[in-house]
Amino acid sequence: MTKLNSFFLLLITISFLIYSCNTSDSKTKFNVTDTSKISRIEILGQNELLEFERKSVGWSVNEKYSALPEAVDYLLRLSLNIVIKAPVSKEENDSLFNSIKNNFKKIIFFEDNEIVKTWFLGKFSKQDEGTYALVDENSKVFIISVPGLTNDLDKNIPSHKFLWITAKIFEYEPNDIVMINVEYPMKPDDSFKISFKKNNETDFYCENKHFGEKEKNILAIGAYLSYFKSVKFNSFLQDFSKNQKDSLLKETPFFVIEVKNKNGVINSLKAFYIKNEKNEIDNNSYLGVLNESDFVKVDFFDTDLIMKTPEYFKSN
């Protein structure tokens, strides 16, 4: 299990134990009445916008990542079971309203392109055992919670993407791949490229030389494609500063791989060694850069199968 899963795994485990609040008395203006019709969700925090979209194979995040299924399920369960504990007092309403409007987390639920529900979440009140919130920019502030699950909705609906996505580097069905380019900058003779044509022909290149039909092992190529169904990373590098990122990108990676799908979309991984003060290489993990933008920690165990050399694909 990756570190990314742990946050929501505990929450979703608890959620299965909650009492189902589906009577008319428990329904509030904050509720989403039919989550099966929700096609898109937006979470707007102070520094990040997350856009979830329902796909045929699950939910996506920002049209780039696969969403953690239990995380989205948890959010939808919140929307079904949310209740109003009480409106705030008249004396507190104006100040709390201004506080929420100046520092809020906004969650919007869509059915197709129509807005179904909008929440403006404020801070958790320990004294009131609930979260201050507005709905649809209403000027009335309410104290809300989800009985048996959480009173602090602000904390449990984070706006950081790393808590919502699956820890996947590559996630392909074999027949969706049209090109794989592998480079070993420090060992160029080990680099290779595989491309696939519409007529199922396979081209294999290494050292700028084309593999003949008798030289390439089609079964080995087929097995290699299957390894891309689920290639994971360990965790995002949360405390990696801009200077650290810039410095890392100036180094020479020991491994680079690009995968192109049928739609022409390319996903890439650059791998850099982790070294200690004695300049010794960590044999368990390395630093990875995904698509030139996301910095992650990767375990060798999770990517060993895709780090092949041309010898793996040669016929005996």
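Here is a short report on the structure shown in this document. (Residues numbered from 1 in each chain as written. Predicted model: local features only at pLDDT ≥ 70, side-chain atom pairs only at ≥ 80, totals over all residues. Heavy atoms only, no water.)

1. Thoughts on the overall build of the chain
Point 1. Along the chain, the regular secondary structure elements total seven helices and 20 strands.
Point 2. Taking the principal axes of its C-alpha atoms as reference, the chain extends roughly 80 × 50 × 30 Å.
Point 3. By residue count, 46% of the 316 residues in the chain fall in the buried class.
Point 4. In the structure as shown, the chain presents an accessible area of about 17,300 Å², 47% of it carried by carbon and sulfur atoms.
Point 5. Within the chain, the 45 negative side-chain charges are centred at a point lying 1 Å from the centre of the 41 positive side-chain charges. (Helix = DSSP H or I, 4+ residues; strand = E, 2+ residues; numbered from the N terminus. Buried < 20%, exposed > 50% of the residue type's maximum accessible area, 1.4 Å probe, protein only. Areas by Shrake-Rupley, 256 points an atom, 1.4 Å probe, with all protein chains shown as cover. Lys, Arg positive; Asp, Glu negative; His and termini not counted. Charge placed at Lys NZ, Arg CZ, Asp CG, Glu CD.)

2. A closer look at the pairing of strand 1 (residues 40–44)
Look at any regular strand and the pattern is simple: side chains alternate between the two faces of the sheet.
Point 1. Burial analysis of strand 1 places four of its five residues in the buried class, the great majority of the element.
Point 2. In terms of strand pairing, strand 1 meets strand 6 (residues 105–111) through five bridges, oriented antiparallel. Opposite Glu42, over in strand 6, you have Ile108 as the bridge partner.
Point 3. For strand 1 and strand 2 (residues 49–55), the ladder comprises five bridges, and the chain directions are antiparallel. Counted as the bridge partner of Glu42 is Glu51 from strand 2.
Point 4. Linking strand 1 back to strand 2 in an antiparallel pair, the connection comprises four residues. (Pairing = 2+ DSSP bridges.)

3. Thoughts on the nonpolar core
Point 1. In this structure, Phe52, Ile157, Phe170, Tyr224, Phe228 and Ile257 are the most contacted members of the largest nonpolar core, which totals 71 residues.
Point 2. Ranked by residue count, the leading element in this core is helix 2 (residues 69–81), at six residues.
Point 3. Excluding anything up to four places from it in sequence, Tyr224 contacts Ile180, Val182, Phe192, Ile194, Ile257, Leu305, Ile306, Lys308, Tyr312 and Phe313. (Core = buried A, V, L, I, M, F, W, Y, C linked by side-chain atoms within 4.5 Å. Contact = heavy atoms within 4.5 Å.)

4. A few points about the sheet that holds strand 6
Paired through backbone hydrogen bonds, the strands of a sheet run either parallel or antiparallel to each other.
Point 1. Strands sit in the order 4-3-2-1-6-7-8-9-5 across an open sheet of nine strands; the sheet is antiparallel. At either end of the open sheet lies a strand with only one pairing partner, and these are strand 4 (65–66) and strand 5 (83–87).
Point 2. Strands in contact with helix 2 are strand 1, strand 2, strand 3 (58–61), strand 5, strand 6, strand 7 (114–125) and strand 9 (142–145); relative to strand 1, the strand with the most contacts, it is inclined by about 90°.
Point 3. Packed on one face of the sheet, helix 3 (residues 90–102) meets strand 7 and strand 8 (130–135) and runs near 80° to strand 8. (Axes fitted to C-alpha atoms, helices over the stretch in contact; angles between N-to-C directions.)

5. A closer look at the pairing of strand 13 (residues 202–206)
Point 1. Strand 13 sits mainly inside the fold: four of its five residues count as buried.
Point 2. The hairpin formed by strand 12 (residues 192–196) and strand 13 contains five residues between the paired strands, and Asn200 there has a positive phi angle of roughly 70°.
Point 3. As judged from the two bridges shared by strand 13 and strand 14 (residues 209–210), these two strands associate in the antiparallel manner. Opposite Tyr205, over in strand 14, you have His210 as the bridge partner.

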